[in-house]
There are 2 protein chains.
Amino acid sequence: MKEKIMAASIELFEQNGFSETSIQDIVDALGVTKGTFYYYFTSKEELLMDIHLRYIEGLLDEEERIISDKQRSVREKLYDIIFMLIHNVERQGREARIFFREMKHLSEEHLQKVKEKRDLFRQRLQALIEEGMKNGELRCDLSPSIATLTVLGAANWSYQWFRPDGELTDAEVAKQMVEILLDGMSAPSVSKAE
Amino acid sequence: MKEKIMAASIELFEQNGFSETSIQDIVDALGVTKGTFYYYFTSKEELLMDIHLRYIEGLLDEEERIISDKQRSVREKLYDIIFMLIHNVERQGREARIFFREMKHLSEEHLQKVKEKRDLFRQRLQALIEEGMKNGELRCDLSPSIATLTVLGAANWSYQWFRPDGELTDAEVAKQMVEILLDGMSAPSVSKAE
């Protein structure tokens, strides 16, 4: 039931917004009583935090799995992370949009929890980029934090535009994005040779 | 007064959210009557649309000015556009956050107007990238639309993290971001030569 309440709420929050959705709307959508809701959540805000935490924790687990793979290069791991983020928009588009839009409705304490996990995701990606700079895969004349935020921005922005039924698959979009971020958009004759 | 109402609303919308801010809150913040509000806006939703339109129209004007400059290369123009987007977060951080977060509160008709202008911004950027592919500045083996969305994502995401009082200035962030997007993050020995 907890799962059902979360799924129904995600749908309502995305459609109508967090503030516009009441606990009554949520229980009406499921045909249950408010008592059922309060058995699982103390408030609508706690439910929102659970949605946020589950979303970011899922991403953190996948990121850890990718980074700990000793068989793959930094370049390959960057592809895996970007693919994971875009693929995730395909699988969890609603959660992604709620994650980015409704964060301001979290209480200060809950927001802090979510922010710590977001920061961890970014810090691990930055550590991977720094590893690539040390092992010679990546150039060293860039700020690791700007490089990290550029990669994250390009991939995360896809929640605004990526459509699973669009022209390119998530794998193709990720492949092109990694090529741009690692090899650049310049024509070979004018890049690096300058 | 119209300007003052917009400025006060932007502050309240960012602090408390669009739904949580009433017209009463807005007029209270300014010490005026509701009559004054309704002299300039028919509703809170119309005010939100005016904020959105003014924001995107400002960006469109600057984009046009940049692209029409015959003295500059495509590479330089891409720098100018990325700098403009990051610099804009510095100048108009509140408007930027409201622009991305509160769009769902626009009516279908107003949303359409804003979307058309957003699309125009993206289409013009894509035309610039296609021009670079034709004139030999940019490589031709990338999808122009993915390249455009990667550039836009990297730069737009800065509204989530760029702080004017941070370590790097907007010009330095833009410079590094353009280097990544045009020349790539790979070390010279492993990029392109593969």
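Chain A appears in an unreviewed UniProt entry as TetR/AcrR family transcriptional regulator from Geobacillus proteiniphilus.

(A) Examining the nonpolar core more closely. If you look at the biggest cluster of nonpolar residues, it comprises 126 residues, and the most contacted ones within it are Met185(A) and Met185(B). Ignoring any residue separated from it by four or fewer positions in sequence, one finds Met185(A) in contact with Ile180(A), Leu78(B), Ile129(B), Leu138(B), Arg139(B), Leu142(B), Ala147(B), Val151(B), Leu181(B) and Leu182(B).

(B) How the structure looks around the UniProt feature "DNA-binding region" (unreviewed entry) in chain A. UniProt's feature table lists "DNA-binding region" (unreviewed entry) at residues 22-41 of chain A, given in the numbering used throughout. Annotation note: span residues 22-41 of chain A, helix share 75%, strand share 0%, distance between end C-alpha atoms 14 Å.

(C) Expanded view of the interface of chain B and chain A. Each side of the interface is counted separately: chain B has 51 residues, and chain A has 51 residues. In this assembly, chain B packs against chain A so that about 4600 Å² is buried in total across both faces, 59% of it on carbon and sulfur atoms. Linking chain B to chain A there are two salt bridges. The salt bridge partner of Glu179(A) is Arg139(B), with a shortest N-O separation of 2.5 Å. Only helix 5 (74-101), helix 6 (108-134), helix 7 (144-156), helix 8 (158-161) and helix 9 (170-183) of chain B provide two or more residues apiece to the side of chain B that touches chain A. At nine residues, the largest contribution of residues to the side of chain B that touches chain A is made by helix 7 of chain B. Looking at the side of chain B that touches chain A, its residues break down into 24 nonpolar, 13 polar and 14 charged.

(D) Representation of helix 5 of chain B. For helix 5 of chain B, spanning 28 residues, the distance from its first C-alpha to its last is only 31 Å, which falls clearly below the expected 40 Å at 1.5 Å a residue. By the largest-angle criterion, Gln92(B) marks the main kink of helix 5 of chain B, which is about 105 degrees.

(E) Structural context of the relation of the copies chain B and chain A. By a simple turn and slide, chain B fits onto chain A: the slide is 0.0 Å along the axis, the RMSD is 0.0 Å, and the turn is 180 degrees. Each copy turns onto its partner about a two-fold axis. For chain B, the smallest separation between a C-alpha atom and the rotation axis is recorded for Gly184(B), amounting to 1.9 Å.

(F) A look at helix 6 of chain B. All names here are of chain B. For helix 6, built from 27 residues, the straight-helix expectation of 39 Å at 1.5 Å per residue is met to within 8% by its first-to-last C-alpha distance of 38 Å. Among all positions of helix 6, only His110, Leu111, Val114, Phe121, Leu125, Gln126, Leu128, Ile129, Gly132 and Met133 are buried. Packed against the buried residues of helix 6 are helix 4 (44-67), helix 5 and helix 7.

(G) How the structure looks around the packing of helix 5 of chain B against helix 7 of chain B. Residues and elements named next belong to chain B. Close contact between helix 5 and helix 7 brings their axes to 10 Å; oriented N to C, the two are set at 70 degrees. Between helix 5 and helix 7, the angle is such that the two are roughly perpendicular. Where helix 5 abuts helix 7, its residues Ile82, Leu85, Ile86 and Phe100 lie against Val151, Leu152, Ala155 and Asn156. Here the residues of the contact of helix 5 with helix 7 are counted per class, giving seven nonpolar, one polar and no charged.

(H) Structural view of the domain arrangement of chain A. All names here are of chain A. When cut into domains, chain A gives domain 1 (1-41) and domain 2 (44-183). Computed over C-alpha atoms only, the centres of domain 1 and domain 2 are separated by 28 Å. Each side of the interface is counted separately: domain 1 has 17 residues, and domain 2 has 15 residues. A buried area of about 1600 Å², summed over both sides, lies between domain 1 and domain 2, and 65% of it is on carbon and sulfur atoms. Summed over the shared surface of domain 1 and domain 2, the number is three salt bridges. For the salt bridge of Asp50 with Lys2, the shortest nitrogen-to-oxygen distance reads 3.5 Å.

Reading the values: the criteria
- Residues numbered from 1 in each chain as written.
- Chains lettered and ligands numbered in written order.
- Predicted model: local features only at pLDDT ≥ 70, side-chain atom pairs only at ≥ 80, totals over all residues.
- Heavy atoms only, no water.
- Core = buried A, V, L, I, M, F, W, Y, C linked by side-chain atoms within 4.5 Å.
- Buried < 20%, exposed > 50% of the residue type's maximum accessible area, 1.4 Å probe, protein only.
- Contact = heavy atoms within 4.5 Å.
- UniProt positions renumbered as here; feature names shortened; annotations may be inferred.
- Helix = DSSP H or I, 4+ residues; strand = E, 2+ residues; numbered from the N terminus.
- Buried area = accessible area lost by both parts, 1.4 Å probe.
- Salt bridge = Lys/Arg side-chain N within 4 Å of Asp/Glu carboxyl O.
- Nonpolar A, V, L, I, M, F, W, Y, C, P; charged D, E, K, R; others polar.
- Expected span 1.5 Å × (residues − 1).
- Bend = angle between axes of the 7 residues up to and from the residue.
- Least-squares fit on C-alpha atoms with pLDDT ≥ 70 in both.
- Axes fitted to C-alpha atoms, helices over the stretch in contact; angles between N-to-C directions.
- Parallel < 35°, antiparallel > 145°, perpendicular 65-115°, else oblique.
- Domains from an automatic or database assignment.

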